[in-house]
Amino acid sequence: MKKQILFPLIFGFMSTLAIAQVPSDVYRMEAVSRPKISPEGTWILYSQSKIDAAKDRSVSKLYMMSSDGKETITLTEQTKGVGNYQWSPDGKFISFLTKGKDEDNGSQVFLMDRRGGEGVQLTNIKGEINDYVWFNSGKKMIVVVKDFNYADTAKSKIRTPYEMNRYKFKQDNEGYLDNRKTHIYLFDLATKKLDTLTSGNYNEGDVAISPDDSMIAYVSNVSENPDKNSNIDLFLLSLTKGATPLQFTKFKGANNNPVFSPDNAKIAFLQSSSERNYDMYDIAQLGVYDLKSKALSIVSKNYDRAFSSIAWSKDGQSILSLIEDDRKQNLIQFNIQTQKPEQLTNEMGVYSSMDMNDKGDIVFMFANLETPNEIYSYQNKTTKRLTHLQDAFVASLKKGYHKGFQSTSSDGTLVSGILHLPDSGAKNLPLILFIHGGPVAQDDYAFDMTSRIYAAAGYAVANVNYRGSSGRGVAFTNAIYADWGNKEVIDIVGAADYLIKEGIADPNRLGIAGWSYGGILTNYTVAKDKRFKAGVSGAGSSLMMSVYGSDQYIAQYEEELGKPWENPKKWEALSYLFYKVKEIKAPVLFMASQADFNVPVIGAEQMYQAFKSEGIPTELIIYPNQNHGIRVPSYIVHRHNAHINWFNKYLK
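Residues numbered from 1 in each chain as written. Predicted model: local features only at pLDDT ≥ 70, side-chain atom pairs only at ≥ 80, totals over all residues. Heavy atoms only, no water.

(A) Region of interest: the packing of helix H2 (residues 449-456) against helix H10 (residues 633-651). Following both chains from N to C, one finds H2 and H10 inclined at 40°, their axes separated by 10 Å at the closest point. In terms of orientation, H2 lies oblique with respect to H10. Between H2 and H10 lies a crossing whose hand is right-handed. Contact residues: Thr-450, Ile-453 and Tyr-454 in H2; Arg-639, His-640, His-643 and Ile-644 in H10. Its residues assigned to classes, the contact of H2 with H10 shows three nonpolar, three polar and one charged. (Axes fitted to C-alpha atoms, helices over the stretch in contact; angles between N-to-C directions. Helix = DSSP H or I, 4+ residues; strand = E, 2+ residues; numbered from the N terminus. Parallel < 35°, antiparallel > 145°, perpendicular 65-115°, else oblique. Left-handed = near helix turned anticlockwise from the far one by under 90°. Contact = heavy atoms within 4.5 Å. Nonpolar A, V, L, I, M, F, W, Y, C, P; charged D, E, K, R; others polar.)

(B) Structural context of the side chain of Thr-477. With respect to the helices and strands, the residue Thr-477 is situated in helix H3 (residues 474-478). The buried category is assigned to Thr-477, whose relative accessible area is 1%. Here the side chain of Thr-477 touches Ser-469 through a polar contact of 2.9 Å, landing on its backbone oxygen. Within the local environment of Thr-477, its side chain forms a polar contact with the backbone oxygen of Gly-473, the two atoms lying 3.2 Å apart. Each residue touching Thr-477, except ones within four places of it in the same chain, is listed here: Tyr-281, Val-440, Gly-468, Ser-469 and Ser-470. (Buried < 20%, exposed > 50% of the residue type's maximum accessible area, 1.4 Å probe, protein only. Polar contact = N/O pair within 3.5 Å; in protein donor to acceptor, adjacent residues only side chain to side chain.)

(C) The arrangement of a positive patch on the surface in detail. Residues Lys-528, Lys-530, Lys-580 and Lys-585 make up a contiguous surface patch of positive charge. Here Lys-585 lies in the loop between helix H8 (576-579) and strand E38 (588-593). Take Lys-585: its relative accessible area is 59%, and that puts it in the exposed class. (Patch = residues over 30% accessible without salt bridge, like charges linked within 9 Å, V, L, I, M, F, W, Y side chains within 5 Å. Areas by Shrake-Rupley, 256 points an atom, 1.4 Å probe, with all protein chains shown as cover. Salt bridge = Lys/Arg side-chain N within 4 Å of Asp/Glu carboxyl O. Lys, Arg positive; Asp, Glu negative; His and termini not counted. Charge placed at Lys NZ, Arg CZ, Asp CG, Glu CD.)

(D) Expanded view of helix H9 (residues 602-614). Its 13 residues place the ends of H9 18 Å apart at the C-alpha level, agreeing with the 18 Å of an ideal helix rising 1.5 Å per residue. All buried positions along H9 are accounted for by Gly-603, Ala-604, Gln-606, Met-607, Ala-610 and Phe-611. Angularly, the buried residues of H9 cover 165° about the axis, an arc narrow enough to put them on a single face. Relative to its buried face, H9 has exposed residues pointing more than 90 degrees away, namely Gln-609 and Ser-613. In the core, the buried residues of H9 are packed alongside helix H5 (517-528), H8, E38 and strand E39 (618-623). Among the residues trailing H9, Gly-615 stands out with phi positive, at a value near 75°. (Expected span 1.5 Å × (residues − 1). Arc of directions from axis to C-beta.)

(E) Geometry of the sheet that holds strand E17 (residues 215-220). Taking strand neighbours across the sheet as the criterion, the four strands line up as E16-E17-E18-E19 in an open arrangement whose pairing is antiparallel. Two strands lie at the open edges of the sheet, namely strand E16 (204-209) and strand E19 (246-247), each paired on one side alone. Pairing of strand E18 (residues 233-238) with E19, which is carried by two bridges, proceeds in the antiparallel orientation. Within E19, the position partnered with Phe-235 by the bridge is Gln-247. (Pairing = 2+ DSSP bridges.)

Purely geometric numbers; function is a separate question.
In structure tokens form, the structure reads like this:
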């Protein structure tokens, strides 16, 4: 990597703003999600959730807001578990998924008149409806259905034994995997007739319908053993009798998210940058397929950023997309002829959940360091804030100080981060390096409740986008391929050194914490740098060979590291944090979720046991019946309090 001459710090953004004071503020914060603009552009659907502290759960409702933000109507008071809500093509009805009358059949499509009234069950399909797409005529739907699960039908409520024969047999949130398949069906709203469009031994999904309703595009992995790779190809199916699917991609990596152009002439899609069997570190490139010439091209090869939420411009000449770029996420318009991007927004914040109707009206969410997500519109190259749902919450909080920073690692690598302080004059504070998971993710200029809570407790809190993070291009992300716990630690330590040099962090009171890959990096860092006085490692692992077969990453391990019995030295090298446990001085609190199949509880248990064996101060917290992401509100508050108590004990 070419070294650059850099100033020690480049401020990306700084501001004084309010922050949360205590972990229990989690109960007061509301969340808005998934705005959907109506076909004529006059109304916006969105979901808003609040925490019911008495029931210890999050409760969401569906709302409809006028596109000027002046009028809001509550649509669902009694209906629970509303998901995948959409507008009918004429804008007169609202559809959504929720449990039907026969709950054993899984979620069903419901239809609600937007003028009022509760939703009416539209489908009664035996199986699990994962997705549905309206035809433009409004008379039919494509429904994507997973085969019915017969494992839990016994009247005794004793589940039948898990019987598995797949290469990949477990997945977080889903549990143990069976051989049920997911297929595509045509549903007629008037007759309630269901016609099978795909069948067989493969899964299909991610469906797009052409503007003239004559064909669909969808994705499927039809390799010899789909469990062993990330290959996904795109297929085109004419909706005429006897038509057979046309596979129009042959790329060994992943293709997905097909979108038909307004003139029915092209399909835009996303393609991974790598053809490896499994690649954690690739980015999504933009591809275009011409239906007439059958020519396919990747039009963004020279644009080293990942695409998401793609949509065609009205004239069919450009693609609109949200792009991650060094702590920001903004809207661009990418011309498929010139293969050049035009920046439509350039905010020190994060736009997300973009939705666009056929008229070109856009809605999305936006958050920055000052404000949690709110809904915005985009018209005539101008953004407009439509909601102020978080104003009262933000106004009630005490002020803190937040800024972007960049540090230079010992090998010359420029690394970006976010710093959170109790106030602008704070100096010589105990430092918590709070490290994101992924590793392919980024800490960004969005409202960060966790870091604010810890800063308000009297700490300097730094988020570090180490090598392996997204938002800096494929080379930066791919830098840690098969080399975990090396460059990332150099970058994390480099950020700490900079903050010490600037007088912000006390060199004698350094702490580090993280969840998932952030927990793994916590373990790596305390094993490499003895200056750290305390750590909190959540959902991490250290003895890497022991997680082979116990988590969901079997395809990644065998592609990136090789099989443990064929490449044991590599596996042992990546486990140095476990083998060097006697050299670790920092007390570490280990955390895990009991039902986590992403990074199983064994990772925390082993390190806790090793620390106990060596007499290093440690404790272990396990959250009952939680998957990788903790959902129970009281557990989230408990986790925050546990961090603060641990760091108060060892850093103050």
